[in-house]
Amino acid sequence: MTKSIVEIETYDPSWENQFEREKQGIEKGLGQYAVIIEHIGSTSVRGLSAKPIIDIMVGTVDIENAALFAGLLCEIGYEYVPKPAFESKGRFFFRKGWGGKGTCHLHVCEWKGSEWRDKLLFRDYLRAHPEAAAEYASLKRQLAIKHKDERSAYTKEKEPFIQAILLKVRDLRRPNMFVKIYEYHIQKEKEALFLDIQEKVTAFYQEYVSCDVMLLKSLDDETKWVEVSKYDSEDAYQNAIQRINKERAVQALFKAFEGCLVADKAEISEQNYIRMS
């Protein structure tokens with residue numbers, strides 16, 4: 001297998017044309033399964049330096065069968081690459097070009113799902129804010145030098161910048177933001193289980209409502225945690241929570257969460273806030 005090397009190139013206008021050619025082939029290959037096809041990633045932002053790999057996102061309403069698209073996409077040169085970390089979030093990965101010499105990366109996501117939404121939010125923010133795009137380009141060049149032979153490390157160290165932009169965009173889009181803050185105490189030996197439960201519960205919530213969840217661990221009390229959940233509005237939260245609470249899987253996860261609480265500090269503090277500025 002050819003070794004994957006991180007190389008950042010100056011923006012090339014031909015990337016747009018390359019995307020359009022690929023889009024036509026994917027539309028023919030997937031037919032009705034592809035609701036919409038978007039150009040994402042750095043090559044989709046004019047003027048932004050990038051690895052010369054075209055990132056393409058396909059939105060589908062048939063995400064449960066996305067892995068079965070492999071046969072259809074293979075016919076137009078795309079290889080299915082199993083990535084459990086992606087698939088747990090509802091994203092399936094395909095690549096054109098072998099090993100470290102890929103020319104196109106294809107991401108199949110649930111149309112209008114969280115992965116779909118985040119990829120477009122980040123792209124559109126960079127397109128509209130040249131100063132943020134320039135900052136991102138500078139970061140990528142630094143990381144490409146630092147991790148020239150370690151693409152996974154390069155990708156991982158970009159993530160804080162991406163998440164900071166997404167958090168900013170979500171907040172700007174929520175003038176009536178509703179915030180819930182919980183405080184509770186978790187048994188130290190059950191922290192790993194608690195974090196796993198939180199990840200699963202958050203995934204359930206995001207199927208029903210747009211939300212961001214941040215977990216804070218106290219530096220003064222090793223068992224104390226604060227959970228901050230942000231929603232577009234109180235109405236959005238209330239409409240969703242009625243359906244979420246009926247999910248048996250969520251009920252089971254909450255019961256498991258209760259088992260993680262410190263026995264003599266089992267009370268859960270809950271406070272509600274709305275955005276004022």
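Residues numbered from 1 in each chain as written. Predicted model: local features only at pLDDT ≥ 70, side-chain atom pairs only at ≥ 80, totals over all residues. Heavy atoms only, no water.

Q: Looking at this model, I keep getting lost on the layout of surface pockets. Mind explaining?
A: Where empty space is left can be seen by rolling a probe of water-molecule size over the atoms. In this structure, the second largest pocket spans a volume of roughly 480 Å³. As for the second largest pocket, its lining consists of 21 residues, of which Tyr182, Val201, Tyr205, Glu227 and Phe254 are closest to the centre. Elements with a contribution of two residues or more to the lining of the second largest pocket: strand S6 (178-185), helix H7 (191-208), strand S7 (211-217), strand S8 (224-231) and helix H9 (248-258). Along the lines of polarity and charge, the residues of the lining of the second largest pocket split into 14 nonpolar, five polar and two charged. (1 Å grid on protein atoms, 1.4 Å probe; cavity = no way out; pocket = protein on both sides within 12 Å on 5 of 7 lines; lining within 4 Å. Points joined across faces, edges and corners; volume = space filled by probe spheres on them. Helix = DSSP H or I, 4+ residues; strand = E, 2+ residues; numbered from the N terminus. Nonpolar A, V, L, I, M, F, W, Y, C, P; charged D, E, K, R; others polar.)

Q: I'm lost on the sheet that holds strand S2 (residues 54-60) in this one. Help?
A: Strands in a sheet are paired, the pairing made by backbone hydrogen bonds, and the direction either parallel or antiparallel. Taken together, the five strands give an open sheet; going across it, the order is S1-S2-S5-S4-S3, and neighbouring strands pair in mixed fashion. Bordering the open sheet on either side are strand S1 (36-40) and strand S3 (78-80), each of which pairs with just one other strand. Direction aside, the axes of adjacent strands within the sheet are offset by 30° on average. The pairing of strand S4 (residues 91-96) with strand S5 (residues 104-110) spans six bridges and is antiparallel. Considered in S5, the bridge of Arg91 is made with Cys109. (Pairing = 2+ DSSP bridges. Axes fitted to C-alpha atoms, helices over the stretch in contact; angles between N-to-C directions.)

Q: Whenever I open this one, the packing of aromatic side chains confuses me. Can you help?
A: How two aromatic rings sit relative to each other is given by the distance of their centres and the angle of their planes. The tally for this structure, following the rule as stated, stands at 14 aromatic pairs. Judged by centre distance (5.3 Å) and plane angle (90°), the ring pair of Phe122 and Tyr136 falls under edge-to-face. Within this pair, whereas Phe122 is found in helix H4 (residues 114-128), its partner Tyr136 is found in helix H5 (residues 130-146), the two being separated by 14 residues in sequence. In this structure Phe122 comes out as buried when scored by relative accessible area, which is 11%. Using a relative accessible area of 3% as the deciding quantity, one classes Tyr136 as buried. Ring centres 6.4 Å apart and planes at 40° place the aromatic pair Phe178 and Tyr231 in the tilted group. Pair noted here: Phe178 is in strand S6 and Tyr231 is in strand S8, with a separation of 53 residues, a long-range link. Note on Phe178: relative accessible area 2%, which makes it buried. Relative accessible area serves as the criterion here: at 2%, Tyr231 is assigned to the buried category. Through a chain of ring-to-ring contacts, the aromatic side chains of Tyr184, Phe194, Trp225, Phe254 and Phe257 assemble into a single cluster. (Phe/Tyr/Trp six-rings, centres within 6.5 Å; stacked < 30°, edge-to-face > 60°. Buried < 20%, exposed > 50% of the residue type's maximum accessible area, 1.4 Å probe, protein only.)

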